[in-house]
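If you want the building blocks of each chain, they are given just below.
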Amino acid sequence: MRQFWTIVGFEYRKILGRRSTWIALAAALIFALLNSQLYLMGGSYINGEYLESNRQAMEKDRGYALALSGRPMDGELLTEAARAYQAIPQDAELYQATQEYQQTARPYEPIWLMMSNFYTEEEVLAMTPDLAAEFYARRSALVAKDIAEMSAGDATKAALLAWDAQIKTPWTYRSTAGYETFLTALEFVGFLAAFAGAVCLSPLFAGEYSRGTDPILRSARHGRGLLAWAKLLAGTTVQLAMFGLTAGASWLSFLLSYGFDNGDTPLQMMVWRYNYPLTLLQCTLLCVLCVMAASLMQAALTMLLSARLKTPFAVVIVVTVLMLAPMMFDLPKRPLWPLLLYNLLPVRMMKFSNIFSPAPYELPGAVVPQYVVFPAFALLAALALVFLGARCYRRRQVA
């Protein structure tokens with residue numbers, strides 16, 4: 001066993017001793033940090049005049065949200081928001097340019113936007129307490145309509161309705177800006193970690209082939225068995241560290257910019273159509289788990305390709321194509337099953353919307369949410385790919 005860990009340590013030194021490893025890690029961290037700040041760059045203009053920077057707007061809106069935070073999304077708050085928007089002159093060419101909007105209505109804009117999903121503009125402008133009391137009933141009706149029109153089995157539809165019925169109402173109003181931007185950016189963070197891992201791990205086996213050192217390693221005492229598993233273990237843990245560092249840097253940057261103090265906010269405050277009774281903190285933890293598992297699956301595929309192909313460059317090219325293509329092409333929701341299978345590709349499992357929609361997986365005797373299927377499938381697939389990589393390397397040695 002001591003020999004195995006000695007070989008693992010040697011593989012770590014080889015991976016960490018490559019300049020490409022540190023360049024890939026630095027690039028991933030830089031792009032992750034830049035991505036977290038993109039939303040705050042630039043500013044807004046009204047009628048050609050500079051109004052405020054995006055960072056100032058975020059801080060102002062966050063202050064407005066904190067003033068309303070903790071209030072139930074009930075008829076009183078909805079009516080209050082509607083009256084604030086009723087103060088905007090109806091003949092204004094650009095309502096954002098009016099003082100009434102900036103001083104009176106803007107604090108209620110997230111509530112206004114939520115209401116616009118269930119009420120017409122005329123209804124909002126003529127809002128009454130009785131009409132506001134229909135808010136959750138109208139949402140439930142639209143959700144039931146969406147589920148009924150899905151190309152899914154009866155068990156899936158029944159499970160979605162049951163989960164949706166567990167959502168507690170009234171919702172508590174909170175700001176969702178920090179979680180929303182982080183969860184949206186997490187797909188890109190996962191891509192960065194996976195691509196950086198591909199650059200680091202592509203020479204794992206292929207580098208030995210291209211340098212011609214594999215015959216020497218093959219002639220060593222443990223060159224046929226332990227070496228393959230030592231390489232695969234080192235590669236897997238390096239990928240895990242890549243993801244941890246990249247995701248951690250991104251999370252810290254979002255934390256310092258937006259704050260994450262509203263973790264108890266229901267998911268539906270961010271996306272009202274989603275049916276799972278989860279909080280934003282729970283969603284974040286589940287998304288991080290899914291993206292981490294997907295990055296490990298991608299790393300296992302990279303190592304398999306490294307064991308199969310002759311050069312690290314070829315490995316990077318193939319991995320890049322396999323990662324970019326599923327990000328650029330989508331499938332229709334009818335029929336549903338090809339899309340659900342398509343979403344089991346690593347980069348598809350990193351997308352926030354795929355983790356919570358369009359539908360769970362209907363298995364024999366159970367309906368399982370995507371946020372359970374994705375990490376379970378990714379880890380099992382990664383394990384299978386690792387075994388295939390070891391087998392491929394050993395067969396190449398024999399050949």
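An account of the accompanying structure is given in this report. Please read all numbers here as calculations on a predicted model, not as lab measurements. (Residues numbered from 1 in each chain as written. Predicted model: local features only at pLDDT ≥ 70, side-chain atom pairs only at ≥ 80, totals over all residues. Heavy atoms only, no water.)

**Re the nonpolar core**
Counting 126 residues, the largest nonpolar core has Met73, Ile111, Met115, Phe135, Trp171 and Phe356 as the members making the most contacts within it. In terms of residues, this core owes the most to one element, helix H15 (residues 280–308), which gives 16 residues. Those residues in contact with phenylalanine 356 that sit more than four places away from it in its chain are Leu267, Tyr274, Tyr276, Leu278, Cys283, Cys287, Gln370 and Tyr371. (Core = buried A, V, L, I, M, F, W, Y, C linked by side-chain atoms within 4.5 Å. Buried < 20%, exposed > 50% of the residue type's maximum accessible area, 1.4 Å probe, protein only. Helix = DSSP H or I, 4+ residues; strand = E, 2+ residues; numbered from the N terminus. Contact = heavy atoms within 4.5 Å.)

**Some thoughts on the packing of aromatic side chains**
Summed over all chains, the structure comprises 25 aromatic pairs. Taking 5.0 Å as the distance between ring centres and 90 degrees as the angle between the ring planes, the aromatic pair formed by phenylalanine 118 and phenylalanine 135 counts as edge-to-face. A residue pair is termed long-range when its members are at least 10 positions apart, and phenylalanine 118 in the loop between helix H6 (109–115) and helix H7 (121–125) and phenylalanine 135 in helix H9 (residues 135–148) qualify at 17 residues. By relative accessible area, phenylalanine 118 is classed as buried at 7%. With a centroid separation of 5.9 Å and 45 degrees between ring planes, the pair formed by phenylalanine 356 and tyrosine 371 is classed as tilted. In this pair, phenylalanine 356 is assigned in helix H18 (residues 352–356) and tyrosine 371 in helix H19 (residues 370–398), connecting sequence segments 15 residues apart. One aromatic cluster in this structure is built from Trp163, Tyr274, Tyr276, Phe352, Phe356 and Tyr371. (Phe/Tyr/Trp six-rings, centres within 6.5 Å; stacked < 30°, edge-to-face > 60°.)

**Concerning helix H3 (residues 54–68)**
Compared with the 21 Å implied by 1.5 Å per residue over 15 residues, the 21 Å span of H3 between its first and last C-alpha is a close match. Along H3, the residues classified as buried are Ala57, Met58, Ala65 and Leu68. Angular distribution of buried residues about the axis of H3 spans 100 degrees; they occupy a single face of the element. Along its buried surface, H3 packs onto strand S2 (49–53), helix H4 (75–86), H6 and helix H14 (226–258). One or two steps after H3, the chain reaches glycine 70, where phi turns positive at roughly 95 degrees. (Expected span 1.5 Å × (residues − 1). Arc of directions from axis to C-beta.)

**Here we look at the environment of leucine 278**
Topologically, leucine 278 is positioned in the loop between H14 and H15. Taking the C-alpha atoms as reference points, leucine 278 and tyrosine 95, separated by 183 residues in sequence, lie 35 Å from one another. Ignoring any residue separated from it by four or fewer positions in sequence, one finds leucine 278 in contact with Thr265, Pro266, Leu267, Gln268, Cys283, Leu286, Phe356 and Tyr371.

**Points about helix H2 (residues 19–38)**
The α-helix winds at 3.6 residues per turn, so residues separated by three or four positions along the chain end up facing the same way. If you check H2, its first and last C-alpha atoms are 28 Å apart, about what 20 residues at 1.5 Å a residue would give, namely 28 Å. Residues Thr21, Ala24, Leu25, Ala28, Ala32, Asn35, Ser36 and Gln37 constitute the buried set of H2.

**Some points on the pairing of S2**
Of the strand pairs in this sheet, strand S1 (residues 43–46) and S2 are connected by four bridges, and their pairing is antiparallel. Paired with tyrosine 45 across the strands is tyrosine 50, a residue of S2. Counted between consecutive antiparallel strands, the loop separating S1 from S2 contains two residues, among which asparagine 47 sits at a positive phi close to 55 degrees. (Pairing = 2+ DSSP bridges.)

**Focus on the packing of helix H1 (residues 2–16) against H14**
Two elements in contact, H1 and H14, have axes separated by 8 Å at closest approach and are oriented at 50 degrees. As far as their axial angle goes, H14 and H1 are oblique. As H1 packs across H14, the resulting crossing turns out to be right-handed. Residues Phe4, Trp5, Ile7, Val8, Glu11, Tyr12, Lys14 and Ile15 of H1 touch H14, and the partners they reach there are Leu226, Leu227, Trp229, Ala230, Lys231, Leu233, Ala234, Gly235, Thr237 and Val238. Residues of the contact of H1 with H14, tallied by class, amount to 13 nonpolar, two polar and three charged. (Axes fitted to C-alpha atoms, helices over the stretch in contact; angles between N-to-C directions. Parallel < 35°, antiparallel > 145°, perpendicular 65-115°, else oblique. Left-handed = near helix turned anticlockwise from the far one by under 90°. Nonpolar A, V, L, I, M, F, W, Y, C, P; charged D, E, K, R; others polar.)

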